[in-house]
Amino acid sequence: MPEPVIELELVSKEFPADPPVLAIDEISIDVRQGDYLAIVGPSGSGKSTLLNVLGLLDRPTSGSYRLDGTETTALRDGARTRLRGDRIGFVFQSFHLLAHRSVVENVMLAEVYGAHPRKNRRERALEALDRVGLSHRTGFTPDRLSGGERQRAAIARALMGGPSLLLCDEPTGNLDSRNTGAVLALFDDLRAQGLTIVVITHENEVSRRAGRRVRITDGVLSEDS
Amino acid sequence: MKIRDLWTEALAGLLARPVRAALTTLGTVLGITTLVVTLGVAATAGNQIVGRFDELVATAVTVEVPEQKNAPLVSWDAVSRVTRLRGVTSAAAVAETKDSANLSVRSNDLIDPTRVTAQTLSVLASTTDLPQAARGRMVSGRFFDAGHVRRQDRVAVIGDRAAKLLGVGSLKRAPAIFIGKHAYTVIGILGELRRERNLSMAVMIPPSTGRQFGLRDVTRVLINTSLGAADLVSRQAPTALSPGNQDLLQVIAPPSPIRARDKAQDDVNALFLILGLVSLVVGAVGIANVTLVTVMERVSEIGLRRSLGAARRHIAAQFLLESTLTGLTGGVIGASLGVVTVVAVSAAKQWTPLLDVRLALAAPLAGAVVGLLAGLYPALRAARMEPVDALR
Ligand SMILES: Nc1ncnc2c1ncn2[C@@H]1O[C@H](COP(=O)(O)OP(=O)(O)OP(=O)(O)O)[C@@H](O)[C@H]1O
Ligand SMILES: [Mg+2]
């Protein structure tokens, strides 16, 4: 059996409000290397909250979360930041590309923080762009790319530095069906290369492609048949 | 994060909005320019004035002796006591009255009876040190000495312009002049006067022969001091000249030219310095404002960077560097404009520009510090942002 990348045990996240919001409620799940997991659920069910916890952007209120075998909940901010930069690639619904930088510079940004050498950074970025099929657009600024190309550039950035986990929050939310198809095909490729992918989506087309589906309802996780 | 990467990111951040970045520097440019111009022009002008303020004015002390019915306030030999004062380089006593200032003087009309040679000149009696005291030179002949004075010789020294008017050129044949009906032998011509220039139109005679023109008592004492001694000498001279009556004498000390200049210039400088500092503060507020706006606009960029592994200090460092570079740019431009202005002003006034290299180097640094300080708060705000909130 492949190594576990994500090990969640009874993870809850409560937001202080009046009354407090229990956004995710004692979630336990393992994601192993090479898994392609889709998290589905209605709006407000806690999908993004779970993804933020998985991405070390937010701390759970209780429970334990091991990433690549490292218990993260007790780590200090700096260590979590380093772990995040090293192990996790994010793909956002709204791409988050820097408008004034070329595609390749946007991808190179992924190695600015952390202990990556400057040497050959551009080559590595070009390689990542090659993986997503954007070799012909490396010098473009994002505003001259189509939506699908933008998301592929963002995926190339997420792939820089060789993460163990790709975390995607509605990656096709801003794309038409043709571009959605291209991105999903890319995910299939990456998964075939052994990358671990977790995708939040409310689109059936996306969740169908994933090898594994879980449903979250009112913060409670259940396997989806 | 590598320093080079920090540079790249900060520069890219600035260059992403070049017009805004340029406008943001304006306040700093203005402030630094004002400061450099103020300090540069002050230094340059100060240098010129010091150069032009010849020692002459700064070392000339005059004591006016009011007329007294009975005993004279200052005797003729009192001058020697002044000469002995520390810091006095030369001194001479002079007697001059209203009447003696307009006497008819003729040259020897036997030489050229066809010429009208009568001139209205000022006649005064003086001690023997007058050429030095008036900072002049005997262009010809000699000044009368103690012997002439003692013997009550009828000798006169005339100013160079008076000599021209009277047609006295060569002294070889001992030309005579007539002051009223009294004949005097001209033994010298005094010229190149740098003090008491009106002596060039005067006839100077020994005090012992001046009584017939009402030149009895000392009316004025001219004192020259070494540089910096004028103050002290002008306080001590009255006592030396007229012990016990020193308060009756009127001392005209140099108007402490150095202090006067400094005062006037200090006021102007202070005003411009304040103006420059105010501009700098305004510039800093401008940078702070724009950086804050930029931070707010770039919230999602901050979130992205955090998701890519940027720590809070990396975010803070980038915004601090951006604002510091903004300030530095303003400083460099301001310093350049300032230097150019100082040189231009100097050229227009035909001054030698005097620019402290340290000032030219410190100005960009000051701009950078302004930018750094201005960036503190926005950078803190950016660093404090929670990545989850920034990415929302
Ligand atoms: N910072 C917060 N403070 C208080 N409540 C929060 C906060 N963030 C999220 N919530 C609440 O937690 C619940 C889960 O939110 P979450 O964003 O995870 O939903 P979601 O499943 O991603 O929804 P969507 O599909 O609309 O994006 C919601 O009810 C939301 O209002
Ligand atoms: Mg969501």
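Residues numbered from 1 in each chain as written. Chains lettered and ligands numbered in written order. Predicted model: local features only at pLDDT ≥ 70, side-chain atom pairs only at ≥ 80, totals over all residues. Heavy atoms only, no water.

Caption draft 1: Structural view of the overall build of chain B. A count of helices and strands for chain B gives 13 helices and eleven strands. For chain B, whose C-alpha radius of gyration is 36 Å, the value lies well above the compact-globule estimate of 21 Å for 392 residues. Burial statistics for chain B: of 392 residues in total, 49% are counted as buried. Long-range pairs, those at least 24 residues apart, make up 82% of the contacts in chain B between residues at least 6 apart in sequence. (Helix = DSSP H or I, 4+ residues; strand = E, 2+ residues; numbered from the N terminus. Rg over C-alpha atoms; globule rule 2.2 N^0.38 Å. Buried < 20%, exposed > 50% of the residue type's maximum accessible area, 1.4 Å probe, protein only. Contact = heavy atoms within 4.5 Å.)

Caption draft 2: Focus on the interface of chain B and chain A. The interface is formed by 24 residues belonging to chain B together with 23 residues belonging to chain A. Where chain B abuts chain A, roughly 2200 Å² becomes buried across the two surfaces, and 57% of that area is made up of carbon and sulfur atoms. When the buried surface of chain B facing chain A is broken down by residue, Leu304, Leu308 and Val388 of chain B rank first, second and third, together holding 26% of it. In this structure, the connection of chain B to chain A is made through four salt bridges. Elements with a contribution of two residues or more to the side of chain B that touches chain A: helix H1 (3–15), helix H10 (299–307), helix H11 (312–349) and helix H13 (387–391) of chain B. In terms of residue count, H10 of chain B provides more of the side of chain B that touches chain A than any other element does, six residues in total. Residue classes in the side of chain B that touches chain A are distributed as ten nonpolar, six polar and eight charged. (Buried area = accessible area lost by both parts, 1.4 Å probe. Salt bridge = Lys/Arg side-chain N within 4 Å of Asp/Glu carboxyl O. Nonpolar A, V, L, I, M, F, W, Y, C, P; charged D, E, K, R; others polar.)

Caption draft 3: A look at the confidence of the model for chain B. Residues and elements named next belong to chain B. On average, residues of chain B carry a pLDDT of 87, and 92% of them reach 70 or more. Taking the mean pLDDT of every element in chain B, the minimum, 71, falls on helix H3 (residues 55–58) and the maximum, 95, on H10. This complex was scored by the predictor with a pTM of 0.71 and an ipTM of 0.95. (pLDDT = per-residue confidence, 0-100.)

Caption draft 4: Just a nonpolar patch on the surface, in detail. Taken together, the side chains of Ile3, Trp7, Leu11 and Leu15 of chain B make up a nonpolar region of the molecular surface, amounting to roughly 430 Å² of accessible area. Along the chain, leucine 11 of chain B falls in helix H1. (Patch = residues over 30% accessible without salt bridge, like charges linked within 9 Å, V, L, I, M, F, W, Y side chains within 5 Å. Areas by Shrake-Rupley, 256 points an atom, 1.4 Å probe, with all protein chains shown as cover.)

Caption draft 5: Local environment of the site of ligand 1. Residues in close proximity to ligand 1 include Phe15, Val21, Ala23, Pro42, Ser43, Gly44, Ser45, Gly46, Lys47, Ser48 and Thr49 of chain A together with Arg392 of chain B, which together make up its full environment. Proximal residues around ligand 1 fall on chains A and B, making this an inter-chain site. Interatomic distance of 2.7 Å between a backbone N/O atom of glycine 44 of chain A and an oxygen atom of ligand 1. At 3.2 Å, a backbone N or O of serine 45 of chain A approaches an oxygen atom of ligand 1. Calculation on ligand 1 without its partners gives an accessible area of 630 Å², and the protein chains cover 62% of this total. At the level of elements, strand S2 (21–32) and helix H1 (47–54) of chain A are the ones that each hand at least two residues to the shell around ligand 1. A per-element tally of the shell around ligand 1 places H1 of chain A first, with three residues. Classifying every residue of the shell around ligand 1 by side-chain character gives four nonpolar, six polar and two charged. (Near = heavy atom within 4 Å. Polar contact = N/O pair within 3.5 Å; in protein donor to acceptor, adjacent residues only side chain to side chain.)

Caption draft 6: Up close: the pattern of salt bridges. Residue and element names in this part refer to chain B. Inspection of every chain in the model, using the stated rule, returns 31 salt bridges over all chains. Among the salt bridges present, the one from glutamate 301 reaches arginine 298, with a minimum N-O distance of 3.0 Å. Arginine 298 sits in the buried class, given a relative accessible area of 3%. Notably, a salt bridge pairs glutamate 386 with arginine 312, separated by 3.2 Å at the nearest N-O pair.

Caption draft 7: Representation of the UniProt feature "domain: ABC3 transporter permease C-terminal" (unreviewed entry) in chain B. What UniProt calls "domain: ABC3 transporter permease C-terminal" (unreviewed entry) maps, in this numbering, to residues 274–387 of chain B. Along residues 274–387 of chain B one finds 88% helix and 0% strand; the C-alpha atoms at either end are 43 Å apart. (UniProt positions renumbered as here; feature names shortened; annotations may be inferred.)

Caption draft 8: Representation of the sheet that holds strand S3 (residues 36–40) of chain A in the model. Residues and elements named next belong to chain A. Strand order in the open sheet formed by six strands is S6-S7-S8-S3-S9-S10, with mixed pairing between adjacent strands. Here the strands that pair on one side only, and so sit at the sheet edges, are strand S6 (88–91) and strand S10 (220–223). Within the sheet, the average angular offset between the axes of one strand and its neighbour, ignoring direction, is 20°. The pairing of S3 with strand S8 (residues 196–200) spans four bridges and is classified as parallel. Within the sheet, the bridge partner assigned to alanine 38 lies in S8 and is valine 199. Across the sheet, helix H5 (residues 147–159) touches S6 and strand S7 (165–169), and the angle it forms with S6 is around 170°. (Pairing = 2+ DSSP bridges. Axes fitted to C-alpha atoms, helices over the stretch in contact; angles between N-to-C directions.)

Caption draft 9: Here's a closer look at the sheet that holds strand S5 (residues 70–71) of chain A. Residue and element names in this part refer to chain A. The antiparallel open sheet is built from four strands, whose spatial order is S2-S1-S4-S5. Taken across any chain shown, the strands that pair with only one partner, and hence form the sheet edges, are S2 and S5. When strand S1 (residues 4–15) meets strand S4 (residues 62–67), the two strands line up antiparallel, connected through five bridges. Following the sheet pairing, leucine 8 is matched in S4 by tyrosine 65. Against the sheet, H1 touches S1, S2 and S4, its axis set at about 125° to S1.

Caption draft 10: Quick peek at the domain arrangement of chain B. When the domains of chain B are assigned, the result is domain 1 (3–52 + 258–391) and domain 2 (66–248). For domain 1 of chain B versus domain 2 of chain B, the distance between C-alpha centres works out to 64 Å. (Domains from an automatic or database assignment.)

Caption draft 11: View of the pairing of strand S10 (residues 220–225) of chain B. Residues and elements named next belong to chain B. Among the six residues in S10, six count as buried, and that is most of the element. Where burial is concerned, the two faces of S10 agree: the one with Arg220, Leu222 and Asn224 and the one with Val221, Ile223 and Thr225 are both buried. Bridge count between strand S1 (residues 60–64) and S10: five bridges; the pairing is antiparallel. Bridge pairing in S10 links glutamate 64 to arginine 220. As paired elements, strand S2 (residues 88–95) and S10 share six bridges and run antiparallel to each other. Along S10, the bridge assignment pairs valine 94 with arginine 220.

Caption draft 12: Local environment of the nonpolar core. One finds Ile6, Leu166, Phe187 and Val198 of chain A to be the most contacted residues of the largest nonpolar core, which totals 83 residues. In terms of residue count, H5 of chain A provides more of this core than any other element does, six residues in total. Other than its neighbours up to four places away in sequence, phenylalanine 187 of chain A contacts Tyr36, Ile155, Leu166, Cys168, Pro171, Ile197 and Val199 of chain A. The next biggest cluster of nonpolar side chains, apart from the first, holds 22 residues, and it includes Val65, Val82, Ala229 and Leu249 of chain B. (Core = buried A, V, L, I, M, F, W, Y, C linked by side-chain atoms within 4.5 Å.)

Caption draft 13: Region of the structure containing the side chain of threonine 294 of chain B. All names here are of chain B. Here threonine 294 lies in helix H9 (residues 257–297). There is a polar contact of 3.0 Å between the side chain of threonine 294 and the side chain of arginine 20. Sequence-distant contacts of threonine 294, that is, excluding residues within four places in its chain, are made with Arg20 and Phe319.

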